[in-house]
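Take a look at the letters that make up each chain.
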Amino acid sequence: MAFTLRGRRSRAVASEDGRMALVDHLRELRNRLFFAAVAIIVGTTVAWFFYDQIYALLIHPLKVTQRQLEGKGLHPRPVLNGFSTAFILQLKVSLVAGLIGTSPVWLYQVWAFIMPGLHRTERKWTLIFVSIAGPLFLAGVALGYYVMPKGLTALLGFTPKDVGNLIPVDQYLNFILRVLLVFGLSFEIPLFVVLLNLAGIVKGRQLARYRSWIVFSTFVFAAVATPSTDPFTMILLALPMVILFLLSEVIARTVDRRRGRNSDEPDYSQLDDDTPSTIDRT
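Residues numbered from 1 in each chain as written. Predicted model: local features only at pLDDT ≥ 70, side-chain atom pairs only at ≥ 80, totals over all residues. Heavy atoms only, no water.

Caption draft 1: Region of the structure containing the overall build of the protein chain. Assigned secondary structure in the protein chain consists of ten helices and two strands. Reading the secondary structure of the protein chain in the N-to-C direction produces α-α-β-α-α-α-β-α-α-α-α-α. Each of the 282 residues in the protein chain was classed as buried or not, and the buried ones make up 37%. Accessible area of the protein chain: about 17700 Å², with a carbon and sulfur share of 65%. (Helix = DSSP H or I, 4+ residues; strand = E, 2+ residues; numbered from the N terminus. Buried < 20%, exposed > 50% of the residue type's maximum accessible area, 1.4 Å probe, protein only. Areas by Shrake-Rupley, 256 points an atom, 1.4 Å probe, with all protein chains shown as cover.)

So this is what it looks like as structure tokens:
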């Protein structure tokens, strides 16, 4: 039949060469966004009931910083202002906790949306992506949590003596949650580079050409993203990102070589960009 019954949910199916109609792409995007949103809402609801444990975990770096600054005569103390601040704070913390906790689910939905555009031989990377994306994100969050006391100690260390430092809890949690998300997402960047390579947007040769600039930009990003001003914290973020990028470059080159062997089109990757091509006048 050329039509579908109203109320029945049709599923977009990619052709053998990975092509889909625009309407099918939009329908697939809607479905993936729906599943990702449902997962985040469920994760947020679960995190709401464990808010006390999550709050104790997030406030721990500040308590460590307080103990380290006591010897310097500084006594930073968290405070809350306003009637609705505590409620908004719990809602925001639960949302971010649900976002982090369900990261394997919504990262998979991102991959599943891209996957229909890949060839069948490239779809085997799905299980690898699902098994790596979530742990990488959580590893970045764990690293950000580890360096947080060092950053807070460095920042609060500028407080003059005999001056009280009252830290609004909402501002503190906004700060730590933002840093944790930055660390987590930064660990996903090399993985998305591989994804773009599989989609045919980025080539391994291009990554090699701009490798030095990418490494330099990684250190600049780490210097801006880390909360403290010491180089140790910056290196802790930049070094894993550089290693992951170099690994993604190796994977991209491997994929390009396999794609070139399986293609009937001549390999132009070894030719110089400035070399003029010959014109066939026949």
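Caption draft 2: Layout of the environment of Ser248. Following the sequence through the fold, Ser248 ends up in helix α10 (residues 231–261). Classification of Ser248 by relative accessible area gives buried; the value is 2%. Note: C-alpha distance between Ser248 and Val194 (54 residues apart in sequence) is 5.8 Å. Not counting the four nearest positions on each side in its chain, Ser248 is found in contact with Pro190, Val193 and Val194. Only 2.5 Å separates the side chain of Ser248 from the backbone oxygen of Phe245, close enough to count as a polar contact. (Contact = heavy atoms within 4.5 Å. Polar contact = N/O pair within 3.5 Å; in protein donor to acceptor, adjacent residues only side chain to side chain.)

Caption draft 3: Seen up close, the nonpolar core. Core analysis: the largest hydrophobic core is formed by 42 residues, its most contacted members being Leu58, Val93, Tyr172, Leu173, Ile176 and Leu237. Every element with two or more residues in this core is listed here: α1 (22–49), α2 (51–69), α3 (85–101), α4 (103–114), α5 (125–156), α6 (169–186), α9 (211–225) and α10. The greatest single-element share of this core, amounting to nine residues, is contributed by α5. Every residue in contact with Val93, bar those within four places of it in the chain, is listed here: Tyr51, Ile54, Leu58, Leu173 and Leu177. (Core = buried A, V, L, I, M, F, W, Y, C linked by side-chain atoms within 4.5 Å.)

Caption draft 4: How the structure looks around a nonpolar patch on the surface. Together, Phe34, Phe35, Val38, Val42, Val46, Trp48, Phe49, Phe50, Phe87, Ile88 and Leu91 give the surface a local cluster of nonpolar side chains, amounting to about 1100 Å² of exposed area. Secondary-structure elements contributing two or more residues to the nonpolar patch are α1 and α3. Take the nonpolar patch: its biggest share by element is seven residues, from α1. Here Phe49 lies in helix α1. Classification of Phe49 as exposed rests on a relative accessible area of 63%. (Patch = residues over 30% accessible without salt bridge, like charges linked within 9 Å, V, L, I, M, F, W, Y side chains within 5 Å. Salt bridge = Lys/Arg side-chain N within 4 Å of Asp/Glu carboxyl O.)

Caption draft 5: Summary view of the packing of α2 against α3. Relative to each other, α2 and α3 sit at 85 degrees, their axes nearing to 10 Å. Taken together, the axis directions place α2 and α3 in an arrangement best described as roughly perpendicular. Side by side, α2 and α3 meet where Tyr51, Ile54 and Leu58 of the first sit next to Leu89, Gln90, Val93, Ser94 and Ala97 of the second. Looking at side-chain class alone, the contact of α2 with α3 contains six nonpolar, two polar and no charged residues. (Axes fitted to C-alpha atoms, helices over the stretch in contact; angles between N-to-C directions. Parallel < 35°, antiparallel > 145°, perpendicular 65-115°, else oblique. Nonpolar A, V, L, I, M, F, W, Y, C, P; charged D, E, K, R; others polar.)

Caption draft 6: Inspection of α6 at higher detail. Relative to the 26 Å expected for 18 residues at 1.5 Å per residue, α6 spans 26 Å between its end C-alpha atoms, a close match to the ideal helical length. Those residues of α6 that sit buried are Val169, Tyr172, Leu173, Ile176, Leu177, Val179, Leu180, Phe183, Gly184 and Ser186. (Expected span 1.5 Å × (residues − 1).)

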